[in-house]
Amino acid sequence: MTKVTVCGAAGGIGQPLSMLLKLNAQVSQLALYDIVNAAGVAADLSHINTPAQVVGYLPKSKDDKDTIKEALKGSDLVVIPAGVPRKPGMTRADLFNINALIVRDLVANAAQACPQAAILIISNPVNATVAIAAAVLKKLGVFNPRKLFGVTTLDSVRAETFLGGLIGEDPASLKGKISVVGGHSGDTIVPLIHFDKTIAAKVKALPEQAYKDFVHRVQFGGDEVVKAKNGAGSATLSMAYAGYRFSEYVLNSLANKEIPFSIPESSYVHLLGIGASSLSQKLGGPEFFSVPVILRNGQVQSSLDPFSLVQTEQEKQMIETAVKGLLTSISQGTSFVEGLK
Ligand code: NAI
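Residues numbered from 1 in each chain as written. Predicted model: local features only at pLDDT ≥ 70, side-chain atom pairs only at ≥ 80, totals over all residues.

K.L.:
Give me the lowdown on the overall build of the protein, citing residues and values where you can.
P.N.:
Along the backbone of the protein there are 11 helices and 11 strands. Computed over its C-alpha atoms, the radius of gyration of the protein comes to 19 Å, within 12% of the 20 Å expected for a compact globule of 341 residues. If you line up the protein on its principal axes, its C-alpha atoms span 60 × 45 × 45 Å. For the protein, buried positions account for 49% of its 341 residues. (Helix = DSSP H or I, 4+ residues; strand = E, 2+ residues; numbered from the N terminus. Rg over C-alpha atoms; globule rule 2.2 N^0.38 Å. Buried ≥ 20, exposed ≤ 12 C-beta atoms within 10 Å, placed from the backbone.)

K.L.:
Can you explain the UniProt feature "active site" (unreviewed entry) in the protein? Please cite residues and give values.
P.N.:
Within the UniProt annotation, "active site" (unreviewed entry) is assigned to H184. Of note, H184 is situated in the loop between strand 7 (179-182) and strand 8 (189-192). By C-beta crowding, H184 is classed as buried, having 28 other C-beta atoms within 10 Å. (UniProt positions renumbered as here; feature names shortened; annotations may be inferred.)

K.L.:
Account for the site of the ligand, with residues named and values stated.
P.N.:
Around the ligand, the surrounding shell holds 33 residues, and the nearest of these are G8, G11, G12, I13 and N124. Residue contributions to the shell around the ligand peak at 3 residues, all from helix 4 (residues 96-113). (Near = placed C-beta within 6 Å.)

K.L.:
Could you give me a rundown of the UniProt feature "domain: Lactate/malate dehydrogenase C-terminal" (unreviewed entry) in the protein, with the residues and numbers involved?
P.N.:
As annotated in UniProt, the feature "domain: Lactate/malate dehydrogenase C-terminal" (unreviewed entry) corresponds to residues 152-336 in the numbering used here. End C-alpha atoms of residues 152-336 are separated by 22 Å, and the span's content is 51% helix alongside 15% strand.

K.L.:
Please give an account of the nonpolar core that cites residues and values.
P.N.:
Taken as a class, soluble globular proteins show a tendency for nonpolar side chains to be buried jointly. In terms of nonpolar packing, the biggest core is built from 103 residues, with L32, V78, I80, I119, L120, I121 and A133 touching the most fellow members. In terms of residue count, helix 5 (residues 126-139) provides more of this core than any other element does, 10 residues in total. With residues up to four places along the chain from it excluded, the contact list for L120 reads V78, V79, I80, F149, V151, F246 and S247. (Core = buried A, V, L, I, M, F, W, Y, C linked by C-beta atoms within 7 Å. Contact = placed C-beta atoms within 7 Å.)

K.L.:
Tell me what's going on with helix 11 (residues 313-338), and back it up with residues and numbers.
P.N.:
For helix 11, with 26 residues, the first-to-last C-alpha span of 38 Å sits near the 38 Å given by 1.5 Å per residue. Those residues of helix 11 not exposed but buried are E315, M318, I319, A322, L326, S329, I330, G333, F336 and V337. Of the surrounding secondary structure, the elements contacted by the buried residues of helix 11 are helix 4, helix 5, strand 7, strand 8 and strand 10 (288-296). (Expected span 1.5 Å × (residues − 1).)

K.L.:
I'd like a description of unusual backbone geometry, backed by residues and values.
P.N.:
The omega angle of the peptide bond from N124 to P125 is -5 degrees, so this bond is cis rather than trans. For P125, the position within the fold is in the loop between strand 5 (118-121) and helix 5. In this structure, N297 is a non-glycine residue whose phi angle is positive, near 50 degrees. Considering the arrangement of structural elements, one finds N297 in the loop between strand 10 and strand 11 (299-303).

K.L.:
For the pairing of strand 1 (residues 3-7), give the residues involved together with the corresponding values.
P.N.:
Burial within strand 1 is extensive, with 5 of its 5 residues counted as buried. Residues K3, T5 and C7 of strand 1 are buried on one face, and the alternating residues V4 and V6, pointing to the opposite face, are buried as well. Considered for its hand, the β-α-β crossover made up of strand 1, helix 1 (residues 14-23) and strand 2 (residues 29-33) is right-handed. Direction of pairing for strand 1 relative to strand 4 (residues 77-80): parallel, over a ladder of 3 bridges. Of the residues in strand 4, the one forming a bridge with V6 is V79. (Right-handed = clockwise from strand over helix to strand, strands pointing away. Pairing = 2+ DSSP bridges.)

K.L.:
If you had to explain the pairing of strand 11 to someone new, which residues and values would you point to?
P.N.:
The two faces of the sheet receive side chains in turn, since in a regular strand these alternate between them. Bridge count for strand 10 against strand 11 is 4 bridges, and the pairing is antiparallel. Along strand 11, the bridge assignment pairs I294 with S302. With antiparallel pairing between neighbouring strands as the criterion, strand 10 and strand 11 make up a hairpin whose turn holds 2 residues, including N297 at a positive phi of roughly 50 degrees.

K.L.:
Tell me what's going on with the environment of V126, and back it up with residues and numbers.
P.N.:
For V126, the location among the structural elements is in helix 5. A C-alpha to C-alpha distance of 6.3 Å links V126 and H184, two positions 58 residues apart in sequence. For V126, the residues in contact, after removing those within four places along its chain, are I121, G150, V151, T152, H184 and Y268.

K.L.:
Run through the confidence of the model for the protein, naming residues and quoting values.
P.N.:
Mean pLDDT over the protein stands at 96; residues scoring 70 or higher make up 99%. In the predicted complex, the global pTM is 0.98; the interface-specific ipTM is 0.99. (pLDDT = per-residue confidence, 0-100.)

Structure follows, in structure tokens:
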């Protein structure tokens with residue numbers, strides 16, 4: 001019996017992500033919470049012939065504090081894509097004021113209704129909203145750092161796709177052979193691709209500018225989608241795929257399934273809390289960083305030191321740049337919660 005709750009389930013990401021979760025036979029209960037249209041999405045998905053029982057949860061009024069708790073109660077996995085997306089000209093940081101409050105409140109409810117659940121944060125800016133979630137969980141005395149994940153999988157998905165196109169490899173074959181670490185915004189995103197000898201040789205054969213363009217595209221690929229959607233939001237379908245990919249990784253670990261890839265998925269996690277404080281020190285002190293994580297039973301069992309994957313001076317420098325940006329975002333998230341009663 002596995003219960004998954006999606007908060008923000010009627011949104012651009014929430015709907016296709018909920019559909020993918022409905023297709024996973026391991027999910028027995030799928031709770032879809034949103035402040036709009038939750039019942040409609042749930043009724044629609046409930047007709048798909050897979051085992052998951054789908055229930056929609058829509059608050060009855062602005063003051064309704066019970067419906068969200070009912071949705072979350074007993075969840076093993078909570079996925080949060082609730083909030084506002086970017087419009088052209090906005091950075092992820094511009095979303096902070098609105099999404100910070102949404103994430104704070106949803107996570108506070110999860111802390112009470114399902115303190116044992118793995119929580120996946122998709123709402124941007126991930127670099128800061130995960131720090132908010134951690135601070136809320138700490139305040140409520142139920143912070144298990146091994147179960148709090150910032151979803152950065154879309155950066156890996158993009159890196160695999162763009163690099164595959166560049167070096168003539170099937171992008172799916174690059175899963176586990178390249179790794180994206182750091183954060184989830186602009187130059188905090190660090191693709192590491194030189195540790196696999198075959199890939200390194202193919203990249204070396206490219207003009208230097210092609211590698212630079214690749215890095216830029218991974219870091220700012222989200223802007224391509226925001227621009228193309230022209231005011232209608234940011235990545236939703238590719239994000240739903242990526243969010244599902246990480247959710248499936250958590251679900252597989254709950255079912256003790258083998259991970260068939262050499263380098264596992266990365267996630268933006270609390271380094272000190274997952275037993276990687278020496279890495280935090282080596283990096284210059286960020287509390288959170290996206291690193292490859294090995295999961296067991298829905299939580300981080302161990303992580304890989306990204307420096308073990310770094311092969312070039314450029315990759316090392318990108319990590320240094322990422323840390324600078326992350327320190328600011330993390331302290332913004334933490335002080336947001338500390339400044340509240
Ligand atoms: P959207 O606007 O289409 O959907 C958001 C949904 O959240 C809406 O249905 C809305 O009603 C709901 N919502 C708002 N406040 C809520 C609350 N308090 N409780 C429950 N639901 C609530 O936005 P979209 O495109 O689905 O994006 C959602 C978030 O995901 C944004 O913050 C966006 O920036 C982020 N995102 C993250 C990515 C990542 O790689 N981590 C990639 C792309 C987007």
